[in-house]
Amino acid sequence: MPEMTYLSAISDGLREEMRHDESVFCMGEDIGAFGGAFKVTDGFIEEFGADRVWDTPLAENAIIGTAVGAAVEGMRPVCEMQFADFIACGFDQLVNVAAKMHYRQGLAVPMVVRLPSGGGFSGGPYHSQNPEAWFLQSPGLKVVAPSTAEDAKGLLASAIRDPNPVVYLEHKHLYRRVKGEVPEGRYEVPLGRARVAREGTDLTVISYGAMVSVALEATEDIDGASVEVIDLRSLVPLDTESILNSVRKTSKVVVLHEANRSCGVGAEVCALIAEEAFEDLDGPVVRVTTPDVPIPFSPPLERAVLPQVDDVKEACRELLAY
Amino acid sequence: MPEMTYLSAISDGLREEMRHDESVFCMGEDIGAFGGAFKVTDGFIEEFGADRVWDTPLAENAIIGTAVGAAVEGMRPVCEMQFADFIACGFDQLVNVAAKMHYRQGLAVPMVVRLPSGGGFSGGPYHSQNPEAWFLQSPGLKVVAPSTAEDAKGLLASAIRDPNPVVYLEHKHLYRRVKGEVPEGRYEVPLGRARVAREGTDLTVISYGAMVSVALEATEDIDGASVEVIDLRSLVPLDTESILNSVRKTSKVVVLHEANRSCGVGAEVCALIAEEAFEDLDGPVVRVTTPDVPIPFSPPLERAVLPQVDDVKEACRELLAY
Amino acid sequence: MATTTAKVAAIEDGSPKAVLTQDDRRALLRYMLLMRATEERALTLYRQGKVPGSYYDGRGQEAISVGTAFVLGPRDRTCILHRDLGAHLIRGVRPGRVLAQMMGRAGGITGGKDGNMHFGDTELGCVGMVSMLPDMALVTCGLALTFQMRKEPRVAMTWFGEGSTANGQWHEAMNVAGVRKLPVVFILENNQFAYSTPNEREFAVDPVKRMEAYGFPGVKVDGNDVEAVFYAAAEASERARSGGGPTLIECETMRMHGHGAHDDMRYVPKEMFEVWAERDPIDRYEKKLADDGIDLDEIHASVKDEIERETEWALSQPMPEAPTALEGVFATSEPRLGDGNAPWSHWKGAGNA
Amino acid sequence: MATTTAKVAAIEDGSPKAVLTQDDRRALLRYMLLMRATEERALTLYRQGKVPGSYYDGRGQEAISVGTAFVLGPRDRTCILHRDLGAHLIRGVRPGRVLAQMMGRAGGITGGKDGNMHFGDTELGCVGMVSMLPDMALVTCGLALTFQMRKEPRVAMTWFGEGSTANGQWHEAMNVAGVRKLPVVFILENNQFAYSTPNEREFAVDPVKRMEAYGFPGVKVDGNDVEAVFYAAAEASERARSGGGPTLIECETMRMHGHGAHDDMRYVPKEMFEVWAERDPIDRYEKKLADDGIDLDEIHASVKDEIERETEWALSQPMPEAPTALEGVFATSEPRLGDGNAPWSHWKGAGNA
Ligand SMILES: Cc1ncc(C[n+]2csc(CCOP(=O)(O)OP(=O)(O)O)c2C)c(N)n1
Ligand SMILES: Cc1ncc(C[n+]2csc(CCOP(=O)(O)OP(=O)(O)O)c2C)c(N)n1
Ligand SMILES: [Mg+2]
Ligand SMILES: [Mg+2]
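Let us look at the structure shown here. (Residues numbered from 1 in each chain as written. Chains lettered and ligands numbered in written order. Predicted model: local features only at pLDDT ≥ 70, side-chain atom pairs only at ≥ 80, totals over all residues. Heavy atoms only, no water.)

Points about the coordination of the magnesium ion (ligand 3)
Residue and element names in this part refer to chain C. Rules: As a rule, N, O and S atoms within 2.8 Å of a metal are its donors, except that Na, K and Ca use 3.2 Å; water is not among the atoms, so sites may look incomplete. Angle rules define the geometry names used: all angles between 85 and 135 degrees makes four donors tetrahedral, while opposite donors over 155 degrees apart and all other angles between 65 and 115 make four donors square planar and six octahedral, leaving every other case irregular. The helix count covers DSSP runs of H or I at least four residues long, the strand count covers runs of E at least two residues long, and both are numbered beginning at the N terminus. Here's how the labels work: a residue is buried when its accessible area is under 20% of the maximum for its type, exposed when over 50%, partly exposed in between, all with a 1.4 Å probe on protein chains only.
Around the magnesium ion (ligand 3), the protein supplies E162 (OE), E162 (OE), N191 (OD1) and F193 (O) as donor atoms, at distances of 2.0 to 2.7 Å. Taken together, the six donor atoms surrounding the magnesium ion (ligand 3) define angles of 51 to 169 degrees at the centre, an arrangement classified as irregular. All donors to the magnesium ion (ligand 3) come from one chain, and their sequence spacing reads E-x28-N-x1-F. One end of the pair, E162, is in the loop between β3 (156-161) and α7 (168-180); the other, N191, is in the loop between β4 (184-190) and β5 (193-194), and 29 residues separate them in sequence. You can call E162 buried: its relative accessible area is 1%. For N191, a relative accessible area of 5% corresponds to the buried category.

In structure tokens:
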């Protein structure tokens, strides 16, 4: 298997689906001539033409709203928000039109909204957000957040084939940092199945996206403890079985994510555990997240708010000692 | 003290603040000549004139964005969304412009966004939503959700006086159903303080908004158990002390709200308890919420998704027996 | 590119290709009558407490949804709004299903999931409206984009009120339609009020004047003259179908009922109603057809029959089963939009356009 | 109401009241030079790895922010965008604080909370931009609304690119400004590209043509002629200040650098740069002033001195303390916007407009 970056795995997955299926097309700001702000669609306009690689006007509701119309007519649009932060500008079409379409009218809306998300590189308050929790509070949307190159490609394929609107969170900090073996050709990583990133018996760290590698690094050696790391991969549907199985095994849980704390995905996972696995717990369910602040620009400030390896280490140590 | 409906308490509070302070003004669709879709501002245009009771064009970002500009220049705008559901149309200005203003630039944004929220009267998927959790995931916004007439007036006053953008959730189902004694003249109910709606020792039901009365009715008599009911009133800031104190006392908690389940306020409260009060718990932390579905229109369907008195009774019974 | 009346526009490119037979004209009147009768019956059911929630209708605006939708071919697609019941009826929705919809019955078009006019019969090619206005204008652009990408001679049509033109999504839709030259027809219904808000508080200048700057024609017609509306729509859809791009047609009319049944309309000057009552689109068309010797009684009778039958059917429908409330949040298959009826004689035997 | 060039507009209502003294003209040139020098230095610091994140500048567009902001009075307010450093400098922001801002230093205007051009010196009456475009246009309307409600003769000014005119919020801002006749001046900088997207993919027709339908003047000027820009802005702000309502001024120009420092601009035809290099706003104005016998060397020297001093100061600033990252999410007091500098001789002694 060839080795690819997370970024090229996304491009490869998108290219494969577009080659395989005429109805798949992409749209977004500067995705054509420029190949996208992060070059995910570099070379696409040359291969697929300007119709299937549409450089849209600067209008996020227009991107998502026209995608909905195309999707109900049988196309499979893949929308790119230039940064995940801009989803707030297309929010209404996503949560009110796309998300509720099937429940109200029984129409499928096979579309994907790609969100280059997350911080860690001085993007500042408007180029670093992790908006996934908004979508968990918006019934009708599926949500995925790959952490590896292989999953990035496989989950994108599943998202494109899925008959529902899928929010695909691609973490910018992983684009060129994460490399891995990626199968050639088309394959799907099913939505709704978590991945055990490392087996363990003493404690479980549950995470997704960019924080998975932080979890692995932080728990590689904590005084020899055996730490299990769960990569959720898919946030809607959430793989509650895998979460609960791991908790039953280790009885101690740290939930880790980069998004803000209040009503984040971590809150949902903790609530799930506190309700479904109460008897299996040997200690409090601990969250390590970005506090409830915007993401500051300056490196020392950003470091101070984003979860660091040491924060996770400390949380695990305390819980192990509990 | 005069008795007022929840609705007239809101009107009264807004009128008092406008009489007291020239810089307070309101804006929204059909709030002038028509007095607002729910008549909250009935008679205002006659008393305060068309400038301070602005019938805006049909444009939610315009309402919130112009309010931000007025607020930073020293006004205290009170915006009305005709239904809370339409906040999705003004979402960007609220979460990106208003919410982050002070953190980034140190400017105060003393504005209020009134959201007539919630279901229970066949409003259907677009006139019944409870969007509060979105705002807890948007640092920089304060969020309140009164359940009584007295709090409705007092919390609105505090929201208007607060130097930050405050999302004020007024539950439509309470407008004319809830009555109570309301002090005359100006007074404030401080933001960030929960209210003990009923003292108890065996179990705590934590709720807010329309579900507080459901909690009280459901727990009036459960085989003689002593059930404490906490009315959060304010969701940001969240009164974690009151929550934890009650849990320490009763050791059993049911969290109840009308909003959807995943990443809702209930998830945050459960996570808080699972982390901070683990040792005090004598049972799982149980959530009673609307499942992750849009709110259907037809009465039997709507009843099937919104939390009912019996659902709460059953959850409490099970937990008490635990 | 100039903003013109339908008539002038027609003259500009030769007399209109569109032709109405006497049967077509009977049909136009019948659909207007059917719309009014259905809404009157729905209002009665509402007053009897059989319609939960709120109630909205298009009283006085019948000529617009009927005159515009009448031009559509089977494979054209629609996003129909809350004042436009006539468009649903023309595409083939039975009045009974509309009444059942409003009563929240299982037999309603959304099976009780949504209410009032928030529906679209997907089997007849309609993507139902959402409440947020004018979001469907962008969805319509997406339907049209698909026709364009597939090189299919099809048209997407949608409707919106004048108040909605103040919203940012309206602009994004017009701009996208202009940039991509999409095969779409926008029907702007200026019924003088947006809920209680009059034109002058929504915009400084008549929105039809904006169209030139979006790069496509803006046409203004008498919205209470069903044939004027029809000819303008026929020309616009012909243009769209043949690759000429979008058109916006502003139909001047008056909302003769409140925004919803709860609305006392205290904000509307009495005289306005008197003036506009004189221009009732149905009365006017009936006079015209009567002068042409068309038998109105026959039409009235058949409409009355239909409404009675349909009401009976609607009332016989059960409420939905509670468990269905939890079903259908996610799709597991991909049902396609179906084709709609195309009653205009132009389409007879034309097969699928 | 017609869309016209600044010159014609000026003639229409008599020769412009605005007058530029030789000192004013020296100032205009100096601010343009200061903007370019500051940005060149910032780019150097970026290349040296001292500027985290991304870097954006307004190379080639200096005449616009300088010519427009120069007309403002002390109590006027601004929402300044990412190509408009000149406006910050005119209002009184020191280059050093801009460099510190870009380097994420404690001495930067946002103290490291935000970066690059995402700032505004509130003590000088600027509400800093957010990234979402063109959100500030609505915030600017809110500032203007306040002046109008308080009957104060003050103006709010903001800037945006041509790509931003495709966004719904742009429309909502124009519409609200037109309906309320707000004292606001909108500066549209058409620099040919929105990131990589050329005009024809953003809109079908030049956006300045839209203004008539919003009910206020749209004026188009040569954005590389600082005095043409100034006179258009002076007329517009005079109109706004005297209750005449909003104006939009489209300034035709060219973005001579990439969207950001990372952008290789492979999408820009080479010839375009050559053509526009000929029109460099600073070169053109220097020729003009030299012909008028103004000593350019003196100006160049003072700009060079200032940049050196300011750079030193900026580099001497510490990074912010980590704990400040958690501070300031909520306000506990209500600091007011301060007044900005008003270097135009017109304001000398005029006190607060
Ligand atoms: C985005 C949005 N904001 C507010 C509303 C609430 N609302 C429903 S209808 C209406 C007035 C619409 O006026 P217009 O567009 O003229 O259509 P009409 O009802 O007059 O046909 C309003 C404000 C809405 N539906 N959508
Ligand atoms: C709502 C929104 N969507 C996307 C972006 C990303 N983005 C930043 S600048 C830019 C191009 C802006 O073009 P234009 O308005 O012409 O301004 P210019 O940069 O050319 O001065 C884009 C798409 C944004 N800032 N805001
Ligand atoms: Mg209207
Ligand atoms: Mg540009």
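Overview of the pattern of salt bridges
Here is the rule: Between Lys or Arg on one side and Asp or Glu on the other, a salt bridge is scored when a side-chain nitrogen of the former is within 4 Å of a carboxyl oxygen of the latter.
The tally for this structure, following the rule as stated, stands at 100 salt bridges over all chains. A salt bridge links A:E80 to A:R114, with the nearest nitrogen and oxygen atoms 2.8 Å apart. Taken together, the positions of A:E80 in strand β4 (residues 76-80) and A:R114 in strand β5 (residues 112-117) put the pair 34 residues apart, joining distant regions of the chain. Residues A:E80 and A:R114 agree in their burial class; the two are buried. The partner of C:K288 in a salt bridge is C:E227, and the shortest N-O contact between them spans 3.5 Å. Of the two residues, C:K288 is situated in helix α11 (residues 281-291) and C:E227 in helix α9 (residues 226-241); the sequence distance between them amounts to 61 residues. What makes C:K288 partly exposed here is its relative accessible area of 35%. Judged by its relative accessible area of 9%, C:E227 falls in the buried class.

Focus on unusual backbone geometry
In this structure, the amide linkage connecting B:V236 to the following residue, B:P237, adopts the cis form with an omega of -5 degrees. A cis amide bond, omega -5 degrees, links D:L133 with the succeeding residue D:P134. If you trace the backbone, D:P134 turns up in the loop between α5 (95-102) and α6 (136-149). Located in the positive-phi region is A:R233, a residue other than glycine, with phi close to 65 degrees. Positionally, A:R233 belongs in the loop between β11 (227-231) and β12 (234-236). Judged by relative accessible area, A:R233 falls into the buried class, the value being 11%. Despite not being glycine, B:S251 shows a phi value in the positive range, around 70 degrees.

Digging into the relation of the copies chain D and chain C
The test is simple: What sets the superposition is a least-squares fit of C-alpha atoms, and only residues with pLDDT of at least 70 in both copies go into it. What makes two residues a contact is simply this: any of their non-hydrogen atoms within 4.5 Å.
Between chain D and chain C, which share one sequence, the superposing operator has a rotation angle of 180 degrees and an axial displacement of 0.0 Å; the RMSD is 0.0 Å. Taken together, the rotation and translation relating the two chain copies correspond to the operation of a two-fold axis. Across chain D, the smallest distance between a C-alpha and the rotation axis is recorded for D:G168, namely 1.7 Å. When you check the interface residues of chain D against chain C, 100% turn up at the interface there too, and the contact is symmetric in its surfaces.

Topic: the site of ligand 1
How we decide: Note on definitions. A residue lies near a molecule or strand when any single heavy atom of the residue is within 4 Å of it. Polar contact is defined as a pair of N or O atoms within 3.5 Å, subject to the rule that within protein one atom must be able to donate a hydrogen and the other to accept it, and that residues adjacent in sequence are counted only when both atoms are side-chain atoms. Only the protein chains shown count as cover for residues, with accessible areas throughout obtained via the Shrake-Rupley method and a probe of 1.4 Å. The classification used treats Ala, Val, Leu, Ile, Met, Phe, Trp, Tyr, Cys and Pro as nonpolar, Asp, Glu, Lys and Arg as charged, and all other residues, Gly among them, as polar.
Of all residues adjacent to ligand 1, which total 21 residues, the nearest are B:E60, C:H82, C:S131, C:S164 and C:F193. At ligand 1, the nearby residues belong to more than one chain, namely chains B and C. Here a nitrogen atom of ligand 1 sits 2.7 Å away from a polar atom, N or O, in the side chain of B:E60. Out of a free accessible area of 580 Å², ligand 1 has 96% covered by protein chains. Partitioning the shell around ligand 1 into residue classes produces eight nonpolar, nine polar and four charged.

A short note on the coordination of the magnesium ion (ligand 4)
Residues and elements named next belong to chain D. Protein-derived coordination of the magnesium ion (ligand 4) comes from E162 (OE), E162 (OE), N191 (OD1) and F193 (O), at a distance range of 2.0 to 2.7 Å. One can describe the donor arrangement at the magnesium ion (ligand 4) as irregular, given that its six donor atoms subtend angles of 51 to 169 degrees at the metal. Site description for the magnesium ion (ligand 4): donor spacing in sequence, E-x28-N-x1-F. Taken individually, N191 and F193 each receive the classification buried, so the pair is uniform in this respect.

Structural notes on the side chain of C:Q192
All names here are of chain C. Position of Q192 relative to the elements: it lies in the loop between β4 and β5. A relative accessible area of 13% means that Q192 is categorised as buried. Setting aside chain neighbours within four positions, we find Q192 in contact with E162, T197, P198, N199, E252, T253, M254, M272 and W276.

Considering the pairing of β4(A)
Residues and elements named next belong to chain A. As a reminder, the rule being used: Pairing between two strands is assigned when DSSP locates at least 2 bridges connecting them.
Burial analysis of β4 places five of its five residues in the buried class, which makes it a mostly covered element. Of the two faces of β4, the one lined by R76, V78 and E80 and the one lined by P77 and C79 are each fully buried. Strand direction decides the pairing type here: strand β2 (residues 24-28) and β4, joined by five bridges, are parallel. Residue pairing in the sheet places G28 in a bridge with E80 of β4. Pairing geometry for β4 and β5, over three bridges, is parallel. What sits directly across from V78, in β5, is V112.

Quick look at the site of ligand 2
Around ligand 2 sit 20 residues, and of these A:E60, D:H82, D:S131, D:S164 and D:F193 come closest. In this structure, ligand 2 is bordered by residues of chains A and D. Measuring from an oxygen atom of ligand 2, one finds a backbone N or O atom of D:G163 at 3.0 Å. Residue D:S164 places a side-chain N or O atom 2.6 Å away from an oxygen atom belonging to ligand 2. Look at ligand 2: alone it shows 580 Å² of surface, and the protein chains cover 96% of it. Here the shell around ligand 2 is composed, by residue class, of eight nonpolar, eight polar and four charged.

So, helix α12 (residues 296-315) of chain C
Residue and element names in this part refer to chain C. Here is the rule we go by: For a helix, the expected span equals 1.5 Å multiplied by the number of residues minus one. When we speak of the arc, we mean the arc of directions from the helix axis to the C-beta atoms.
Along its 20 residues, α12 runs 28 Å from first to last C-alpha, staying within 8% of the 28 Å computed at 1.5 Å per residue. Turning to α12, its buried residues are L296, I299, V303, E306, I307, E310, T311 and A314. Taken down its axis, α12 places every buried residue within 130 degrees of arc, on the same side. Seen from the open side of α12, the exposed residues pointing more than 90 degrees away from its buried face are D297, E298, K304, R309 and E312. Residues of α12 that are buried sit in contact with α2 (22-47), α5 (95-102) and α11. Where α12 begins, the capping side chain belongs to D295, and its oxygen is found 2.9 Å from the backbone nitrogen of D297.

Considering the sheet that holds β11(A)
Residues and elements named next belong to chain A. Applicable threshold: Whenever a helix is involved, its axis is fitted only over the stretch in contact; in every case the axis is a line through C-alpha atoms, and angles between N-to-C directions fall within 0 to 180 degrees.
In spatial order, the strands read β9-β11-β10-β13-β14; together these five strands make up an open sheet with mixed pairing. The outermost strands of the open sheet, each flanked by one partner alone, are β9 (195-198) and β14 (286-290). Neighbouring strand axes in the sheet, compared pairwise and without regard to direction, differ in orientation by 25 degrees on average.

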